[in-house]
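One-letter residues, chain by chain:
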Amino acid sequence: MQQKYNPQVIEREAQQHWERAGAFRAVEAPGKPKYYCLSMFPYPSGKLHMGHVRNYTIGDVLTRHHRMKGYNVLQPMGWDAFGLPAENAAMANGVPPAKWTHDNIAYMKKQLQSLGFAIDWSRELATCRPDYYRWNQWLFLRMLKKGIAYKKTQVVNWDPVDQTVLANEQVIDGKGWRTGAAVEKREIPGYYLAITQYADELLAALDTLPGWPERVKTMQANWIGKSYGVRFAFPYELDGKQEKLWVFTTRADTIMGVTFVAVAAEHSLAARAAKDNPKLAAFVEECRRGSVMEADLATIEKKGMRTGIFVQHPLTGDKVEVWIGNYVLMGYGEGAVMGVPGHDQRDFEFATQYKLPIRAVIKPNDGELALPLKQAYVEYGACFNSGKYDGLDYRQAVDAIAADLKAKKLGDQQVLWRLRDWGISRQRYWGTPIPIIHCAGCGDVPVPDDQLPVVLPEDCVPDGAGNPLAKRADFVNCQCPKCGKPAKRETDTMDTFVDSSWYYLRFACPDNEKSMVDERVKYWLPVDQYIGGIEHAILHLLYSRFWTRVMRDLGLVKLDEPFANLLTQGMVLNEIYFRKGGSGRITYYNPLEVETRAGGEVVLRSDGQPVEAGGIGTMSKSRNNGVDPQELIDHYGADIARFFMMFTSPPEDTLLWSDAGVEGAARFLRRLWAFAWEFGNTGTTTAAALRGAALPAGLAAARREVHAVLKQANYDIGRHQFNTVASAAMKILNALERAAGPGPACDAVQHEGLSVLLRLLSPITPHISHCLWRELKFGDDVLTAPWPEPDPAALIEDEVELVVQVNGKKRGEVRVPRDADRNAIESLVLADPAVQKHVAGQTIKKVVVVPGRLVNLVV
């Protein structure tokens, strides 16, 4: 055993041992408890970041711990490899996305392996490989046949220069993020998955997930958005035809306060009104260039124009003016909303801007409403100024109004969902080809199973001018499977959320070439512990829950929920430093590039000039405040990086980066190595010598502390409080160092303590634990050792501490043998100098002894 701790050497040797032994290969073992631990797989962007390191270390700690507890464990890894970033990198570097992606996978895999994660690499998958995405296509065709997948026209953000659809977040101030071109709203055909068919089940099943954080379940429930309300119509006549303008509201009690109706720019009424009105047509076009995100609509300036069209109030018969509003989305409801400015703040702002009537019809149940309104009154209350509904509360008013609308055949109560069907068509290249062939005679024809997968060409280099697949005759041109005539392939690809919606199932059977899943899914699923960022709390998790149910209903799996327990780890934070140039441009500097001088001034090392401190923020490339994990591993070793990540904060909290904290982790592991080296050279007695042995008080106390700390650590690891587990390891080492001294009793206590310490540490710092376990002859591999449990006998103290009171007031403490009788306790208490001082020769009238707690002297 080397005297100096050399992490690079011991980590390399440990990893080679695990690889030779196939230590992490998972094999189904019926009858043995299984533990499937999965961290959300990474996008192969080129390098790991600290968020990856933290995420996968959390999973590895849980995996190794459960393995030592006797579980059959599975921890797989794959790559979420399709997506737009690869196309952007291809355009920047002039290489095909496939090459960029595969090169990144190779590099990031080496990084993950260097961290010593207990991953079964035999199950590795990448979503960009045909053997994976063929099953995306296969299941899509089953969904199409079942009516879950369907085609319809969708409103999208269209970049006219790049000739592509943009995600909402790629539209900045109404312009394409890359080209700067004014973005248009276009209606184009696309494929959808009917997730709304499962909305009720997805919402109700959240109550069956006790292992999920409440905030995640709340976020999902809000996204699904079940609303109880009333759907009703405003009748109108246009071009000699009787028509109805339908709306939905959750506040039907305010219907008597309607003073206008607003429709989306894409609504048929808007098109009709703009047909002969150039100004209105221009406004419609302006609205079409706006965002399609609800969040944006809450903050944009509300704009509108009159259509010149009037509808009829369904209950009063009054004329109600129709406006076009830029804050109304065609994709939500039916593209129209009733305007109740007295009781909706958005409508209030709109009405105030355009000087429309504001009519109050709801007041507090126990008071009056101050008029005129300074802002909308949005609380529930009692109807007034509402004719026959005056005095009714919310529920009474809704029921009465809905009944009257139903009698007029103009509406009824209805449940509405915020959730919308999932549009999966993307007019981009690097994704799963949608397996549809367009034939002039036969229409849209599914690709037959025996022609799957539809393989994506991997040699395309996007240039930003539309989807390169459309320019590939060898891809587009084909024969119709039905009639055999020339036809065209669909060039849209699938949303990358499709790839990640079922990968956890494929990990159970990645080698099956003939079916999407097999019986091994029944053994491994559901995932016992899923780990990932809170940013995936809605869409990824919701789509995965939906996808599992679809596969269930198609007879492929027998489970409803894919993830039994969910842990959302916190972000890794670091200091932010920057300078603002004369033009207002901000330049960010990495914390390693700055230093703090005496007096607190922060300067750039390279030029000595001041920089501004921007506080604490999430590590990101844009703010240049990241730390390269590879540099950390190369300099300190993987175990030190892992220990720092686990010690600094609980996994669900944010982690503030600290160079001093990393150095503290390094000092602890060096101390551990030095202590183990010293023991290995001098210790001769094993822990077996403790059986039945009476230890000196100091050694008994040290052994008791080891087992007491272990007991708490075992409780904490069950709560995922790995920071206190790491702290427990430090406390145990402190106790063992205090127990140092010659003799077999000391050796025995240290031998046992080191056995506990190395096993407790092994999930967090597996390499040093593996090496020392072998060097100190505890066994061949700490992975195969049982998890340490505290010895109840070690926790029993030979002495107990009693509080001493004189006339009920505390005057000190005294330690007495645990088995001391009443007479012995009285003698020890009366002999104590502190007690004698307070008694001061007075006659003791009575001695009250509460065993194990206190002694009270009455004088």
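Remember, predicted model here, so these are calculated numbers, not experimental data.

Conventions adopted
- Residues numbered from 1 in each chain as written.
- Predicted model: local features only at pLDDT ≥ 70, side-chain atom pairs only at ≥ 80, totals over all residues.
- Heavy atoms only, no water.
- Pairing = 2+ DSSP bridges.
- Helix = DSSP H or I, 4+ residues; strand = E, 2+ residues; numbered from the N terminus.
- Axes fitted to C-alpha atoms, helices over the stretch in contact; angles between N-to-C directions.
- Salt bridge = Lys/Arg side-chain N within 4 Å of Asp/Glu carboxyl O.
- Buried < 20%, exposed > 50% of the residue type's maximum accessible area, 1.4 Å probe, protein only.
- Core = buried A, V, L, I, M, F, W, Y, C linked by side-chain atoms within 4.5 Å.
- Contact = heavy atoms within 4.5 Å.
- Parallel < 35°, antiparallel > 145°, perpendicular 65-115°, else oblique.
- Nonpolar A, V, L, I, M, F, W, Y, C, P; charged D, E, K, R; others polar.
- Polar contact = N/O pair within 3.5 Å; in protein donor to acceptor, adjacent residues only side chain to side chain.
- Arc of directions from axis to C-beta.
- Right-handed = clockwise from strand over helix to strand, strands pointing away.
- Phe/Tyr/Trp six-rings, centres within 6.5 Å; stacked < 30°, edge-to-face > 60°.
- Lys NZ or Arg CZ within 6 Å of the ring centre and 35° of its normal.

A. How the structure looks around the sheet that holds strand β10 (residues 226-238). Judged by pairing direction, the sheet is antiparallel, and its 3 strands sit side by side in the order β11-β10-β18 without closing on themselves. Here the strands that pair on one side only, and so sit at the sheet edges, are β11 (241-249) and β18 (411-417). Pairwise comparison of adjacent strand axes, ignoring direction, gives a mean angle of 35° for this sheet.

B. Layout of the pattern of salt bridges. In this structure the tally under the stated criterion is 47 salt bridges. A salt bridge links Arg 552 to Glu 201; its shortest N-O distance comes to 2.7 Å. Of this pair, Arg 552 sits in helix α17 (residues 539-553) while Glu 201 sits in helix α6 (residues 199-204), and the two are 351 residues apart along the sequence. Glu 201 sits in the partly exposed class, given a relative accessible area of 29%. With a shortest N-O distance of 3.4 Å, Arg 426 and Asp 495 are connected by a salt bridge. Here Arg 426, found in strand β20 (residues 425-426), pairs with Asp 495, found in the loop between β25 (493-494) and α14 (497-500); they are 69 residues apart in sequence, far enough to count as distant. Judged by its relative accessible area of 7%, Asp 495 falls in the buried class.

C. Highlighting the nonpolar core. Of all hydrophobic cores here, the largest spans 167 residues; its most connected members are Phe 140, Tyr 504, Leu 525, Trp 547 and Leu 672. Considering each element in turn, this core owes the most residues, 10 residues, to helix α20 (residues 659-682). Residue contacts for Tyr 504: discarding those within four places in its chain leaves Tyr 36, Leu 38, Leu 525, Val 527, Ser 544, Trp 547, Thr 548, Pro 562 and Phe 563. The next biggest cluster of nonpolar side chains, apart from the first, holds 50 residues, and it includes Phe 232, Cys 287, Ile 324 and Phe 348.

D. Main features of the sheet that holds strand β24 (residues 486-489). Sheet architecture is open: 4 strands sit in the order β22-β21-β24-β23, paired in antiparallel fashion. This sheet does not close on itself; its edge strands, each paired only once, are β22 (443-446) and β23 (477-479). Across the sheet, the axes of successive neighbouring strands diverge by a mean angle of 45°, strand direction being ignored. In this sheet, β24 lies alongside β23 in antiparallel orientation, the contact comprising 3 bridges. From the neighbouring strand, Asn 477 faces β24, where its bridge partner is Lys 488.

E. Quick look at the packing of α20 against helix α24 (residues 766-775). Where α20 contacts α24, the axes come no closer than 11 Å and their chain directions differ by 5°. The angle between α20 and α24 falls in the class roughly parallel. Side by side, α20 and α24 meet where Leu 669, Leu 672, Trp 673 and Ala 676 of the first sit next to Ile 768, Cys 771 and Leu 772 of the second. Of the residues in the contact of α20 with α24, the class split is 7 nonpolar, no polar and no charged.

F. View of the side chain of Glu 561. Secondary-structure assignment places Glu 561 in the loop between α17 and β27 (566-569). Within the local environment of Glu 561, its side chain forms a polar contact with the side chain of Arg 545, the two groups lying 2.9 Å apart. Polar side-chain contacts of Glu 561 include one of 2.6 Å to the side chain of Arg 549. Apart from residues lying up to four places away in sequence, Glu 561 is in contact with Ala 205, Thr 208, Leu 209, Pro 526, Arg 545 and Arg 549.

G. Representation of the environment of Val 756 within the structure. Here Val 756 is to be found in helix α23 (residues 744-761). According to the relative accessible area criterion, Val 756 is buried, its value standing at 4%. Distance from Val 756 to Glu 187, taken between C-alpha atoms, is 65 Å for residues 569 residues apart in sequence.

H. How the structure looks around the pairing of strand β21 (residues 436-439). Where β21 and β22 come together, 4 bridges link them in antiparallel fashion. If you follow Ile 436 over to β22, its bridge partner there is Pro 446.

I. Up close: helix α11 (residues 345-354). Within α11 the residues assigned to the buried category are Asp 347, Phe 348, Phe 350 and Ala 351. Here the buried residues of α11 occupy an arc of 165° about the axis, which is enough to place them on one side. Where α11 is buried, its residues touch β12 (260-263), β13 (304-312), β14 (319-325) and β15 (336-339). The distance from a side-chain oxygen at the start of α11 to the backbone nitrogen of Arg 346 is 3.0 Å, and the residue carrying that oxygen is Asp 344. Where α11 ends, the next residue or the one after it, Lys 355, has phi of about 55°, a positive value.

J. Expanded view of α24. Within α24, 8 of the 10 residues are buried, which leaves it mostly tucked inside the rest of the structure. All of the buried residues along α24 are Pro 766, His 767, Ile 768, Ser 769, His 770, Cys 771, Leu 772 and Trp 773. Considering only its buried residues, α24 is in contact with α1 (7-21), α2 (50-68), α19 (638-648), α20 and α23. Remark: Lys 777 follows α24 within two positions and exhibits a positive phi of approximately 65°.

K. Expanded view of the pairing of strand β1 (residues 34-39). Most of β1 is tucked away: 6 of the 6 residues are buried. Sheet topology places β1 next to strand β2 (residues 72-74); 3 bridges connect them, and they run parallel. Considered in β2, the bridge of Tyr 35 is made with Val 73. With respect to chirality, the unit in which β1 leads through α2 into the neighbouring parallel β2 is right-handed. Note that β1 and strand β26 (residues 529-533) share 3 bridges and pair parallel. The residue bridging Leu 38 from the neighbouring strand is Tyr 530, located in β26.

L. Expanded view of the packing of aromatic side chains. Summed over the entire model, instances satisfying the criterion amount to 35 aromatic pairs. Judged by centre distance (5.6 Å) and plane angle (45°), the ring pair of Phe 82 and Tyr 133 falls under tilted. One end of the pair, Phe 82, is in the loop between β3 (78-79) and α3 (84-93); the other, Tyr 133, is in helix α5 (residues 130-146), with 51 residues separating them in the sequence. One exposure class covers both Phe 82 and Tyr 133, and it is buried. Aromatic side chains Tyr 523 and Trp 524 sit 4.7 Å apart centroid to centroid with 85° between the ring planes, which places their arrangement in the edge-to-face category. Both residues of the pair, Tyr 523 and Trp 524, count as buried. The rings of Phe 41, Tyr 503, Tyr 504, Phe 507, Tyr 530 and Phe 563 are connected pair by pair, giving a single aromatic cluster. The cationic tip of Lys 152 hangs over the ring face of Tyr 192; the distance from NZ or CZ to the ring centre is 4.6 Å. Cation over ring: Lys 319 sits above Phe 310, and NZ or CZ is 4.6 Å from the ring centre.

M. Representation of the packing of α19 against α24. Close contact between α19 and α24 brings their axes to 7 Å; oriented N to C, the two are set at 120°. Considered as vectors, α19 and α24 are oriented oblique to each other. Taking contact as the criterion, the partners of Ala 638, Asp 639 and Arg 642 in α19 are, on α24, Pro 766, His 767 and Ile 768. For the contact of α19 with α24, the per-class residue count stands at 3 nonpolar, 1 polar and 2 charged.

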